[in-house]
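Chain by chain, the residues:
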Amino acid sequence: MGERGFKHHPYIPNSLPEVQAEMLRELGLNSLEDLHAEIPKELVFKGTMNLPEPLKSEYELRRHVERLMGKNKTCKENICFMGGGCWPHFVPAICDEINQRAEFLTAYAGEPYEDHGRFQSLFEYQSLVAELVDMDVVNVPTIDGAQAAATALRMAGRITGRGELLLAGTISPEKLLVIKNYCGPDLTCRKLDYDKRTGQVDMPSLQTALSGETAAVYFENPNYLGIIEEQGQQIADLAHAAGAVCVVGVDPSSLGVLEPPSGYGADIVCGELQPLGIHMNYGGGLAGFIATRDEERFVMEYPSRLFGIAPTIVPGEYGFGDVAYERTSFHDRIHGKEYVGTQSALWGITAGVYLALMGPRGMFELGQTILQKSQYAARQLSKIKGVKGVPFDSSFFKEFVLDFNSSGLTVADINKALQARGIFGGIDLSAAFPELGQCALYCVTEIHTKEDIDTLVEELADILGY
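The written sequence of each chain sets the order in which its residues are numbered from 1. pLDDT decides what is reported in this predicted model: residues at 70 or higher carry local features, side-chain atom pairs at 80 or more are listed and counted, and totals for whole chains, interfaces and linings draw on all residues regardless. For the side-chain quantities, the full set of heavy atoms in the structure was used; hydrogens and water were omitted.

### Focus on the overall build of the protein chain
Now for step 1: The secondary structure listing takes helices from DSSP runs of H or I that are at least 4 residues long and strands from runs of E that are at least 2 residues long, numbered from the N terminus. Helices and strands together make up the secondary structure of the protein chain, namely 13 helices and 14 strands.
Now for step 2: The principal-axis extent of the C-alpha atoms belonging to the protein chain is close to 75 × 60 × 50 Å.
Now for step 3: Accessibility here uses a 1.4 Å probe with only protein chains present; expressed as a share of the type maximum, an area under 20% marks a residue as buried, one over 50% as exposed, and anything in between as partly exposed. Residue burial in the protein chain is summarised as follows: out of 466 residues, 48% are buried.

See the structure below:
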């Protein structure tokens, strides 16, 4: 901010006019604007910013912010049946207790000389996710699951030296935009058809699309519409026969009951960590993971940090540090594999705490509980007149599609009515998947009680007039 309108503020150091004048004299400058003399005059804003009057005390500021926050409608006072990439899951108290510790919260990146257990914590997180997905190597998290998919596909492009990506037709529209943005222009994206009966990958479409230019085939299990892909091995075999890499996106909360992608031919596994002990935070609270086998052709293409364990010069003592650091943009800003940041490392530690708490048995019980509750919800909802149950002949995990085409109402109308009754309904699919008409994607997890589900059924039946 220039000197125009600049006022002393207790949170801005050196803002007293006499202190500023002394600093400017020391620098040989006449005004604060001289600090930015290199900015062309035509780019300098010369008007007055339309900002509200400043609040004069911390108490007034707190009340103002609390009033604004009070306008939000949250999942605490409403029942939420939305998913699609950020899901309502239970967060054990210990996850927040650990990730709020100062040595993690304010020092989530850095160097070994000021490490206070962070490197080991990230190594433990990597090890736990690797065990969950049955792979050897896991990265320090990307910003979210969509970025993990995009980075995994760029890795595939470098590994194969090819330029075309084949993506399952049921991919989330938001994730598709991230992948296109991040992988272009040197990698092109081509959506495959999906089988309208099953909601799974259309195999003839895949066979036709594969070529000598295919760098990777990407599908998700479960996919965006909640469907469990049963053709994973066949897809991987076709990709490998064409010389392509098989990349699979996965929901980690499903892996207590579903086979990990490594079991049906995946070369790279990626996904969103948010289900593992991370709150939904208005678009935050997201982090993505990438996992591969411990093979040089994969490991050396990771752009993000990898932590390993090694013996020190003291017998019986071990230390934790970066593996193949020269890959990263931290080592070489120009020639690093990709430019990456560290903003989601804290969520990696959180996911590690969650997995350590749950263990294999806990993850199995989580998946089993979700399956039971989602099946019950779909069965009860499909009994409502005007609602067609899951329109695909396939199994699903925690998300499923409901068909409202015969109800006489749009999904938007239904969701508005539900929200007025304290319920967040399913995601409207009519724009992203127009061929489905008025359909919505509903999500049921371990947090939904039988009472929650029955309330949704009763209110939805009332809205539809039955």
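More follows now that the structure is in view.
### Here we look at the pairing of strand β14 (residues 439-443)
Now for step 1: Judged by how many residues are buried, β14 sits mostly within the fold: 5 of 5 residues are covered.
Now for step 2: Burial along β14 is two-sided: the residues C439, L441 and C443 and A440 and Y442 are all buried.
Now for step 3: One requirement defines pairing of two strands: DSSP has to find at least two bridges between them. Pairing of strand β11 (residues 399-403) with β14, which is carried by 5 bridges, proceeds in the antiparallel orientation. Pairing of F400 across the sheet is with Y442, part of β14.
Now for step 4: In this sheet, β14 lies alongside strand β13 (residues 427-428) in antiparallel orientation, the contact comprising 2 bridges. Residue pairing in the sheet places I427 in a bridge with L441 of β14.

### Some remarks on the layout of surface pockets
Now for step 1: Throughout, the protein atoms alone are placed on a 1 Å grid, and a set of points is a cavity if a 1.4 Å probe fits but cannot get out or a pocket if it is open with protein on both sides within 12 Å along at least five of seven lines; lining residues have an atom within 4 Å of a point. Grid points are joined across faces, edges and corners, and a volume is the space filled by probe spheres set on the points. Taken as a whole, the second largest pocket encloses approximately 800 Å³ of empty space.
Now for step 2: As for the second largest pocket, its lining consists of 26 residues, of which T74, C75, K76, M280 and N281 are closest to the centre.
Now for step 3: Residue type decides the class: Asp, Glu, Lys and Arg count as charged, Ala, Val, Leu, Ile, Met, Phe, Trp, Tyr, Cys and Pro as nonpolar, and the leftover types, Gly among them, as polar. Considering only residue class, the lining of the second largest pocket consists of 14 nonpolar, 9 polar and 3 charged.
Now for step 4: If you count residues domain by domain, the lining of the second largest pocket takes at least three from each of domain 2 (79-88 + 362-463) and domain 3 (93-355). Domain boundaries shown here were taken from an automatic or database domain assignment.

### Overview of unusual backbone geometry
Leave glycine aside and you will find that most residues have negative phi; peptide bonds, for their part, are mostly trans.
Now for step 1: Here G184 and P185 are connected by a cis peptide whose omega angle stands at 0°.
Now for step 2: Checked against the element boundaries, P185 lands in the loop between α7 (173-183) and β4 (188-191).
Now for step 3: In this model, N221 is joined to P222 through a cis peptide bond whose omega is 0°.
Now for step 4: Position of P222 among the secondary structure elements: in the loop between β5 (214-221) and α9 (232-241).
Now for step 5: The phi dihedral of A324 falls on the positive side, at around 50°, and the residue is not glycine.
Now for step 6: Residue classification places A324 among the buried residues on the basis of a relative accessible area of 19%.

### Regarding the side chain of K175
Now for step 1: As for its position among the elements, K175 is in helix α7.
Now for step 2: Reaching out from K175, the side chain makes a polar contact with the side chain of E220 at a distance of 2.7 Å.
Now for step 3: Contacts are residue-level and defined by heavy atoms, with any inter-residue pair within 4.5 Å sufficient. Discounting residues that sit within four places of it in the chain, K175 has contacts with A146, A149, Y218 and E220. Here a polar contact is recorded for every N or O atom pair within 3.5 Å, except that within protein the pair must consist of a potential hydrogen donor and a potential acceptor, and residues adjacent in sequence are included only if both atoms are side-chain atoms.

### With respect to a nonpolar patch on the surface
Now for step 1: Residues enter a patch when their relative accessible area is above 30% and they make no salt bridge; the linking distance is 9 Å between like charges and 5 Å between nonpolar side chains (Val, Leu, Ile, Met, Phe, Trp, Tyr). Computed with the Shrake-Rupley method and a 1.4 Å probe, the accessible areas treat only the protein chains shown as cover for residues. What counts as a salt bridge is simple: a side-chain nitrogen of Lys or Arg found within 4 Å of a carboxyl oxygen of Asp or Glu. Judged by side-chain polarity, L55, L61, V65 and M69 come together as a nonpolar surface patch covering roughly 350 Å² of accessible area.
Now for step 2: With respect to the helices and strands, L61 occurs in helix α2 (residues 58-69).

### Comments concerning the sheet that holds strand β2 (residues 137-138)
Now for step 1: Spatially, 7 strands are ordered β2-β8-β7-β6-β5-β3-β4 in an open sheet, and the strand pairing comes out mixed. Each having just a single partner strand, β2 and β4 make up the two edges of the open sheet.

### Thoughts on the packing of aromatic side chains
Now for step 1: In this analysis, rings of Phe, Tyr and Trp, with Trp reduced to its six-membered ring, are considered paired at centre separations within 6.5 Å, and the interplanar angle assigns stacked below 30 degrees, edge-to-face beyond 60, and tilted for intermediate values. Here the structure, examined in full by the defined rule, presents 9 aromatic pairs.
Now for step 2: Grouping aromatic residues by their ring pairs yields a cluster made of F81, F396, F400 and Y442.
Now for step 3: Geometrically, a lysine NZ or arginine CZ counts as sitting over a ring once it is within 6 Å of the ring centre and also within 35 degrees of the ring normal. Over the face of the ring belonging to Y182 we find R154, whose NZ or CZ atom lies 5.9 Å from the ring centre.

### Observations regarding the sheet that holds β14
Now for step 1: Spatial strand order, β11-β14-β13: 3 strands in an open sheet with antiparallel pairing. The open sheet has two edge strands with one neighbour each: β11 and β13.
Now for step 2: Against the sheet, helix α12 (residues 411-420) engages β13 and β14, with an angle of about 40° to β14. Where helices are involved, their axes are fitted lines through C-alpha atoms of the stretch in contact, as for all axes, and angles between N-to-C directions lie from 0 to 180°.

### A short note on the pattern of salt bridges
Any two side chains of opposite charge can pair if their charged atoms end up close together.
Now for step 1: Taken as a whole and assessed by the stated rule, the structure comprises 16 salt bridges.
Now for step 2: Close ionic contact of R158 with E338 constitutes a salt bridge, the shortest N to O distance being 2.9 Å. On the criterion of sequence distance, the pair formed by R158 in helix α6 (residues 145-160) and E338 in the loop between β10 (318-322) and α11 (345-381) is long-range, its members being 180 residues apart.
Now for step 3: Note that D322 and R305 form a salt bridge whose closest N and O atoms lie 2.8 Å from each other. Of this pair, D322 sits in strand β10 while R305 is found in the loop between α10 (296-299) and β9 (307-311), placing the two residues 17 residues apart along the sequence.
Now for step 4: Residue classification places R305 among the buried positions, given a relative accessible area of 7%.
Now for step 5: Among the charged side chains, a salt-bridge network with shared partners connects R158, E301, K337 and E338.

### Side note on the nonpolar core
Now for step 1: Remark: nonpolar core denotes a set of buried residues (Ala, Val, Leu, Ile, Met, Phe, Trp, Tyr, Cys) joined through side-chain atoms within 4.5 Å. In this structure, L206, L273 and F289 are the most contacted members of the largest nonpolar core, which totals 55 residues.
Now for step 2: Listed by contribution, the elements that provide at least two residues to this core are α5 (118-133), α8 (203-209), β5, α9, β6 (245-250), β8 (288-292) and α11.
Now for step 3: Ranked by residue count, the leading element in this core is α11, at 11 residues.
Now for step 4: The residue makeup of this core includes at least three contributed by each of domain 2 (79-88 + 362-463) and domain 3 (93-355).

### Focus: the packing of α5 against α11
Now for step 1: Running from amino to carboxyl end, α5 crosses α11 at an angle of 45°, the nearest separation of the two axes being 8 Å. Judged on the interaxial angle alone, α11 and α5 are oblique. Every pair of crossing elements has a handedness; the one defined by α5 and α11 is left-handed. Taken together, the residues of α11 that come into contact with α5 (itself represented by R118, S121, L122, Y125, L128, V129 and L132) are A345, G348, I349, A351, G352, L355, A356 and M363.
Now for step 2: Residues that form the contact of α5 with α11 fall into these classes: 11 nonpolar, 3 polar and 1 charged. Angle categories: roughly parallel below 35 degrees, roughly antiparallel above 145, roughly perpendicular from 65 to 115, and oblique for all the rest. Each crossing gets its hand from how the near helix is turned against the far one by less than a right angle, where anticlockwise is left-handed and clockwise is right-handed.

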